[in-house]
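Observations on chain architecture
Each chain, written out:
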Amino acid sequence: MSDVSDLLLTRRTQQLRRWHLHATNGQETLAEHQAQTARIALEVALLLNNYKIAEVDPDKCATTALYHDEAETLVSDVSAWFKYLHPEARAAIHEWERAAVNELWPAYPPNVQLALQGRALQQFITEIEQQVVKYADSLSALSFIREELKRGNGHMGAVHARQMAAMGTMQWPWLEELRRKVKDLP
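Nothing here was measured: the structure is a model prediction, and the numbers come from that model.

Conventions and cut-offs
- Residues numbered from 1 in each chain as written.
- Predicted model: local features only at pLDDT ≥ 70, side-chain atom pairs only at ≥ 80, totals over all residues.
- Heavy atoms only, no water.
- Helix = DSSP H or I, 4+ residues; strand = E, 2+ residues; numbered from the N terminus.
- Rg over C-alpha atoms; globule rule 2.2 N^0.38 Å.
- Buried < 20%, exposed > 50% of the residue type's maximum accessible area, 1.4 Å probe, protein only.
- Contact = heavy atoms within 4.5 Å.
- Areas by Shrake-Rupley, 256 points an atom, 1.4 Å probe, with all protein chains shown as cover.
- Lys, Arg positive; Asp, Glu negative; His and termini not counted.
- Charge placed at Lys NZ, Arg CZ, Asp CG, Glu CD.
- Polar contact = N/O pair within 3.5 Å; in protein donor to acceptor, adjacent residues only side chain to side chain.
- 1 Å grid on protein atoms, 1.4 Å probe; cavity = no way out; pocket = protein on both sides within 12 Å on 5 of 7 lines; lining within 4 Å.
- Points joined across faces, edges and corners; volume = space filled by probe spheres on them.
- Nonpolar A, V, L, I, M, F, W, Y, C, P; charged D, E, K, R; others polar.
- Arc of directions from axis to C-beta.
- Core = buried A, V, L, I, M, F, W, Y, C linked by side-chain atoms within 4.5 Å.
- Phe/Tyr/Trp six-rings, centres within 6.5 Å; stacked < 30°, edge-to-face > 60°.

A short note on the overall build of the protein chain
A count of helical and extended segments in the protein chain gives 11 helices and zero strands. For 186 residues, the compact-globule formula gives about 16 Å, and the C-alpha radius of gyration of the protein chain, at 17 Å, lands near that figure. A principal-axis box enclosing the C-alpha atoms of the protein chain has dimensions of 50 × 40 × 30 Å. Here the protein chain, with 186 residues, has 43% of them falling under the buried criterion. Within the protein chain, contacts between residues at least 6 apart in sequence are counted, and of these 66% link residues at least 24 apart. Accessible surface, the protein chain as shown: approximately 10,500 Å² in total, 54% of it carbon and sulfur. For the protein chain, the separation between the mean place of its 20 positive charges and that of its 24 negative charges on side chains is 6 Å.

Structure follows, in structure tokens:
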């Protein structure tokens, strides 16, 4: 099998488990998270366009979201709470992830590598589209947290409170307008 075939057939994102520092009843892989984030990013972008709040490219939002955590296949997932508590570590982890993205997809032709790296690093999208991906990422996490709470996992209560607080700091004008249009949107 060629190196390109190996890359196309790799299941690395399906093997990485998220929420590994929390006692959870269910599991979520990186692949599940990326797919969920991409779906949410697409839908949020479509809503923004529909309500004429902002003009964004739904496909760019979705494909960028699909690759937004790809560096974790080499660096692994680091707790958001840890990164919040230690901004200096967050900055270092961000640099590690940027470096890791350059190590991914080595067998692909250079133009394909650059296209994938650009999506993983959110280089080909506007600032608002980057915010849509970040918001979708947070909603995906919130979705998993809420599922855990429904399964009776009381340990996730504090995680839920932190996630809601973090999302409350997202005060982008487009999101404020979307929250007025879509009631109960975090």
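Re the environment of Lys183
Locating Lys183 in the fold gives a position in the segment after α11 (173-181). A polar contact of 2.7 Å, which involves the side chain of Lys183, links it to the backbone oxygen of Arg180.

Some remarks on empty space enclosed by the protein
Under the counting rule described, the total for this entry stands at one cavity of 30 Å³ or more. Around the largest cavity sit Leu16, Arg17, Arg18, Leu30, Glu72, Ser76 and Asp77, which together line it. Each residue belonging to the lining of the largest cavity can be placed in one class, and the counts come to two nonpolar, one polar and four charged.

As for α11
Regarding α11, the residues found buried are Trp174, Leu175, Leu178 and Arg179. Down the axis of α11, the sector holding all buried residues measures 135°, keeping them to one side. Opposite its buried face, α11 presents the exposed residues Pro173 and Arg180, each directed more than 90 degrees away. On its buried side, α11 packs onto α3 (30-50), α9 (127-150) and α10 (157-168).

Remarks on unusual backbone geometry
If you check the backbone angles, Lys52 has positive phi at about 55° while not being a glycine. Counting through the fold element by element, Lys52 comes out in the loop between α3 and α4 (58-67). For Asp184, which is not glycine, the phi dihedral falls at a positive 65°. Structurally, the position occupied by Asp184 is in the segment after α11.

Considering the nonpolar core
Among the nonpolar cores identified, the biggest contains 24 residues, and Val44, Leu48, Val132, Tyr135 and Trp174 are the most heavily contacted of them. Secondary structure elements with two or more residues in this core: α3, α4, α9 and α11. Leaving out residues up to four positions away in the same chain, Val132 has contacts with Ala41, Val44, Ala45, Leu48, Cys61 and Trp174. One finds Ala71, Leu104, Trp105 and Ala120 within the second-largest nonpolar core, a separate group that totals nine residues.

Focus on the packing of aromatic side chains
Tallying each qualifying case throughout the model produces four aromatic pairs. Residues Tyr135 and Trp174 carry aromatic rings whose centres are separated by 6.0 Å and whose planes lie at 80° to one another, so their mutual orientation is edge-to-face. Here the residue Tyr135 occupies a position in helix α9, and Trp174 occupies one in helix α11, the gap between them amounting to 39 residues. Seen in terms of ring centroids, Trp172 and Trp174 are 5.7 Å apart; in terms of plane orientation they differ by 10°. Their pairing is stacked.

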